[in-house]
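What the coordinates show
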Amino acid sequence: NDAQNRYTRATLDRSPAGQALRAQVQELFSDRAPRYAEIKHHRGVLFAMKIQPPREQPFLVTLRSPDDLASEVVLVDPGQIDNRGAEAALATEPRGTTAIDFYVPSPDGARVAVSLSQGGTEEGTVHGFDVATRKQLPDVIPRVNGGTAGGDLAWTKDGTGFYYTRYPREGERPR
């Protein structure tokens, strides 16, 4: 509501605590130092989500080790994905509205399954990627991640495929 926003803004602008809060938020948003999260190690490959302000979305990278940041390779960058369709390839125009919900490397670290959602929906479609070539694999599985309900998958022991759950389409009966 606009009236509530105006009241809150006026109250915070007059308050020393509001001014301190504004300064702290500005400091956080001006931070340009990269951070790594959701780190996983599979057979000599270190996978991590890299958070690089001011970029809107974290992206998936690989490293040889945490001590060798120069070895970083960008594997999946949602900022480069054309979010006009679920099966889209890498785009030339970054839009910043595609996000990685989760990722799961294969046991041998040769492949990675990545759930990508678009436009803030968190309704993830899983895409497979070859780690060595960074190329997207042909199979795409929609509705594996279901908003706040989440999603997941598990690779087979030999890393040639994975098991997953998915959310049914509207009108489709769950199995």
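Residues numbered from 1 in each chain as written. Predicted model: local features only at pLDDT ≥ 70, side-chain atom pairs only at ≥ 80, totals over all residues. Heavy atoms only, no water.

The computed volume of the largest pocket comes to approximately 190 Å³. Lining the largest pocket, in full, are Arg111, His127, Gly128, Leu137, Pro138, Asp139, Ile141, Trp155, Gly159, Thr160, Gly161 and Phe162. Ranked by residues supplied to the lining of the largest pocket, first place goes to strand β8 (residues 136-141) with four residues. Split into classes, the residues belonging to the lining of the largest pocket amount to five nonpolar, five polar and two charged. (1 Å grid on protein atoms, 1.4 Å probe; cavity = no way out; pocket = protein on both sides within 12 Å on 5 of 7 lines; lining within 4 Å. Points joined across faces, edges and corners; volume = space filled by probe spheres on them. Helix = DSSP H or I, 4+ residues; strand = E, 2+ residues; numbered from the N terminus. Nonpolar A, V, L, I, M, F, W, Y, C, P; charged D, E, K, R; others polar.)

With that settled, the discussion passes to the sheet that holds strand β1 (residues 35-42). Read across the open sheet, the four strands follow the order β1-β2-β3-β4; overall the sheet is antiparallel. Every other strand in the sheet has two partners, leaving β1 and β4 (73-76) as the edge strands with one partner each. Strand-to-strand twist in this sheet, taken as the mean axis angle between neighbours without regard to direction, amounts to 30°. As paired elements, strand β3 (residues 59-63) and β4 share three bridges and run antiparallel to each other. Looking at β4, one finds that Leu60 is bridged to Val76. (Pairing = 2+ DSSP bridges. Axes fitted to C-alpha atoms, helices over the stretch in contact; angles between N-to-C directions.)

The next subject is the confidence of the model for the protein chain. Should the pLDDT be low somewhere, the predicted coordinates at that spot are not to be read in detail. When the pLDDT values of the protein chain are averaged, the result is 84; 89% of them are 70 or greater. Residue range residues 83-93 is modelled with pLDDT below 50. Its contacts to residues more than four positions away, or to other chains, number 21 contacts. (pLDDT = per-residue confidence, 0-100. Contact = heavy atoms within 4.5 Å.)

Let's shift gears to unusual backbone geometry. Pro53 connects to Pro54 through a cis peptide bond whose omega is 10°. One can find Pro54 in the loop between β2 (45-51) and β3. You will see that Arg134, though not glycine, has its phi angle at about 65°, which is positive. Within the element layout of this structure, Arg134 appears in the loop between β7 (125-130) and β8. Under the relative-accessibility criterion, Arg134 is labelled partly exposed at 44%. (Buried < 20%, exposed > 50% of the residue type's maximum accessible area, 1.4 Å probe, protein only.)

Moving on, we get to the environment of Asp130. Take Asp130: it is sitting in strand β7. Separated by 21 residues in sequence, Asp130 and Gly109 have C-alpha atoms that sit 9.2 Å apart.

The terminal C-alpha atoms of helix α1 (residues 2-14) lie 18 Å apart, and with 13 residues this matches the ideal 18 Å at 1.5 Å per residue to within 8%. One side-chain oxygen at the N-terminal end of α1 lies 2.8 Å from the backbone nitrogen of Ala3; it belongs to Asn1. (Expected span 1.5 Å × (residues − 1). Polar contact = N/O pair within 3.5 Å; in protein donor to acceptor, adjacent residues only side chain to side chain.)

Strand order in the open sheet formed by four strands is β5-β6-β7-β8, with antiparallel pairing between adjacent strands. On the outer flanks of this sheet lie β5 (98-105) and β8, each paired with one strand and no other. In this sheet, neighbouring strand axes are inclined to one another by 25° on average, regardless of whether the strands run parallel or antiparallel. Where β7 lies against β8, three bridges are found, and the strand directions are antiparallel.

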